[in-house]
Amino acid sequence: MAWIESRITKNGKRWYVREKVNGKIISRPAGPMKETAKTIRNTMSNQAVLKENGLADPQMSLQKAVTDYIALCENSNLEPSTIRIKKDALENKLLKFFGSGARLLDVGPTDMERFKGWLLTDQGHSVNTAHIHLRTCKTFFLSCEERGLITKTPASKCTKKLKTEQVWRVLSFDETERLRAACRFNTRGLWDIIKFALYTGLRRGELIGLKNEYIRNGKIYLPWGSNKTKTARAIPIHSDIKYIVEMRQRQEFIFDGWKKDGLNRSFERAVGRAKLGRVRLHDLRHTFASNYLEFDAGNQKDLMSILGHTSFAMTQKYVHALGSKIEERIQKYSLGQPQQQLQVVG
């Protein structure tokens, strides 16, 4: 079994990992950081245990382990959408970060923490999307542990709730136009959903679950229990999105065929093409609230009713957060005609 110790050298304190092999003590320098020494020690211990028990090849690459795991998933009864999520997280994210030459046993808890930060910063993923990828990676490492490829999963703590500062984004008119242009690559009507959210302030789940029977007399009547706060509310339909409803009158759901994960992925791709930085689908709701306050300042009670907040304190959070961060407003409310005044049907 390997152990660590520190020595004082001419260049300061340095850490070493020592291991006894066939009666001889082998010393390996690990640098000035104790965490690095711990990682090396754990790797050497894992290799020794696996070699002793003959469970797996200590030199197995991370890429081969991922390939074998994907093959197991494809031979199981998992749905194709689940397999696609696993492939995206492992092949496009995990292997991209660690590289194809990395060994499975070299991945430690510290490396997974760096991987988590990479997803949030370099890749610009939201907290929820990063958690989906991290949970998939955790499942992969647990499978490797069950099959004897590793002694302990390095991803046991990386899925804890992230403490990130809540960023309120409000899209300007120029950013909205860039997002509209980026949506031309989507043939499923992504821009219609985005535009509907910008004019109604509906949440993601409310957009996907919106039925034709909820729309009467130019208003959206969300019944009790159909939304996050379990409250009923009425939302006027702007004239600029009336055509979206008319085109889908024969469908049960206005945006039929969309699922939450698929909508998130399509939106993130459009945001990436538009080069908007970190923008969430929920930020469309913030943009709606911002523009509503811009054209009807002070009428926060009506905004509370439209957004479906159960307390005025939540609406006040929107007011305070948006008031200090909005630098550029959409030029008048109509996206198609910037100089047109706000017109609400009904």
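Owing to the predicted nature of the structure, the values given are computational and were not obtained by experimental measurement.

Definitions and limits used
- Residues numbered from 1 in each chain as written.
- Predicted model: local features only at pLDDT ≥ 70, side-chain atom pairs only at ≥ 80, totals over all residues.
- Heavy atoms only, no water.
- Buried < 20%, exposed > 50% of the residue type's maximum accessible area, 1.4 Å probe, protein only.
- Helix = DSSP H or I, 4+ residues; strand = E, 2+ residues; numbered from the N terminus.
- Pairing = 2+ DSSP bridges.
- Axes fitted to C-alpha atoms, helices over the stretch in contact; angles between N-to-C directions.
- Parallel < 35°, antiparallel > 145°, perpendicular 65-115°, else oblique.
- Left-handed = near helix turned anticlockwise from the far one by under 90°.
- Contact = heavy atoms within 4.5 Å.
- Nonpolar A, V, L, I, M, F, W, Y, C, P; charged D, E, K, R; others polar.
- Patch = residues over 30% accessible without salt bridge, like charges linked within 9 Å, V, L, I, M, F, W, Y side chains within 5 Å.
- Areas by Shrake-Rupley, 256 points an atom, 1.4 Å probe, with all protein chains shown as cover.
- Salt bridge = Lys/Arg side-chain N within 4 Å of Asp/Glu carboxyl O.
- Lys, Arg positive; Asp, Glu negative; His and termini not counted.
- Charge placed at Lys NZ, Arg CZ, Asp CG, Glu CD.
- pLDDT = per-residue confidence, 0-100.
- Arc of directions from axis to C-beta.
- Core = buried A, V, L, I, M, F, W, Y, C linked by side-chain atoms within 4.5 Å.
- Polar contact = N/O pair within 3.5 Å; in protein donor to acceptor, adjacent residues only side chain to side chain.

A word on the pairing of strand S5 (residues 219-222). Only one face of S5 is covered, namely the face carrying Ile220 and Leu222; the face carrying Lys219 and Tyr221 is uncovered. Pairing of strand S4 (residues 215-216) with S5 involves 2 bridges; the strand directions are antiparallel. Bridging across to S5, Arg216 finds its partner in Lys219. Where S4 hands over to S5, the hairpin turn is made up of 2 residues, of which Asn217 adopts a positive phi near 55 degrees. Note that S5 and strand S6 (residues 233-238) share 4 bridges and pair antiparallel. Counted as the bridge partner of Ile220 is Ile235 from S6.

As a further point, take the packing of helix H7 (residues 190-200) against helix H11 (residues 283-295). Viewed as axis vectors pointing N to C, H7 and H11 meet at an angle of 40 degrees, and their least axial separation amounts to 7 Å. Relative to H11, the element H7 is oriented oblique. Along this stretch, H7 crosses H11, giving a crossing that reads as right-handed. Contact residues: Ile194, Ala197, Leu198, Tyr199 and Thr200 in H7; Leu284, Thr287 and Phe288 in H11. Of the residues assigned to the contact of H7 with H11, the class counts are 6 nonpolar, 2 polar and no charged.

The interhelical angle for the contact between helix H2 (residues 62-74) and helix H3 (residues 80-98), taken along N-to-C directions, is 180 degrees, at an axis separation of 11 Å. Of the possible angle classes, the one that applies to H2 and H3 is roughly antiparallel. Residues Leu62, Gln63, Val66, Tyr69, Ile70, Cys73 and Glu74 of H2 form the contact with H3, whose participating residues are Ile83, Lys86, Lys87, Leu90, Glu91, Leu94, Leu95 and Phe98. Each residue belonging to the contact of H2 with H3 can be placed in one class, and the counts come to 10 nonpolar, 1 polar and 4 charged.

Time to look at a positive patch on the surface. A cluster of like positive charges, contributed by Arg84, Arg184, Arg265, Arg269 and Arg273, occupies part of the molecular surface. If one sorts the elements of the positive patch by residue count, helix H10 (residues 260-274) sits on top with 3 residues. With relative accessibility at 35%, the residue Arg265 sits in the partly exposed group.

Overall, the predicted model of the protein reaches an average pLDDT of 77, with 73% of residues at or above 70. Mean pLDDT across the secondary structure elements of the protein bottoms out at strand S7 (residues 344-345), with 39, and peaks at H7, with 93. With pLDDT under 50 throughout, residues 1-11 is counted as low confidence; its partners more than four residues away or in other chains account for 37 contacts. For residues 336-346, every residue scores under 50 in pLDDT, and the model assigns this stretch 25 contacts once sequence neighbours within four places are set aside.

Moving on to the pattern of salt bridges. If you walk through the whole model with that rule in mind, you get 13 salt bridges. Arg103 is the salt-bridge partner of Asp106, the closest N and O atoms lying 3.0 Å from each other. Overall, the relative accessible area of 33% leaves Asp106 in the partly exposed class. With a shortest N-O distance of 2.9 Å, Arg114 and Asp111 are connected by a salt bridge. Highlighted residues: Arg114 and Asp111, both in helix H4 (residues 109-120), separated by 3 residues, approximately one helical turn. Counted as one network, the salt bridges with shared partners bring together Arg203, Glu206 and Arg233.

Moving on, we get to helix H12 (residues 300-307). If you check which residues of H12 are buried, you get Gln300, Leu303, Met304, Ile306 and Leu307. The buried residues of H12 all sit within an arc of 165 degrees when viewed along its axis, so they share a single face. Note on H12: the residue one or two positions beyond its end, Gly308, has a positive phi of about 80 degrees.

Turning next to the nonpolar core. Core analysis: the largest hydrophobic core is formed by 44 residues, its most contacted members being Ile194, Phe196 and Ile220. Among the elements that line this core, the one with the most residues is H7, at 8 residues. Non-local contacts of Phe196, meaning those with residues more than four positions away in its chain, are made with Gly201, Leu202, Leu207, Leu210, Ile220, Ile241, Ile244, Val245 and Phe255. Counting 31 residues, the second-largest nonpolar core is a separate cluster that includes Leu62, Leu105, Leu149 and Ile150.

Let us look at the side chain of Asn212. With respect to the helices and strands, the residue Asn212 is situated in the loop between helix H8 (204-208) and S4. At 2.5 Å, the side chain of Asn212 forms a polar contact with the backbone oxygen of Gln251. Not counting residues up to four positions away in its chain, the partners in contact with Asn212 are Val245, Arg248, Gln249, Arg250, Gln251, Glu252 and Ile254.

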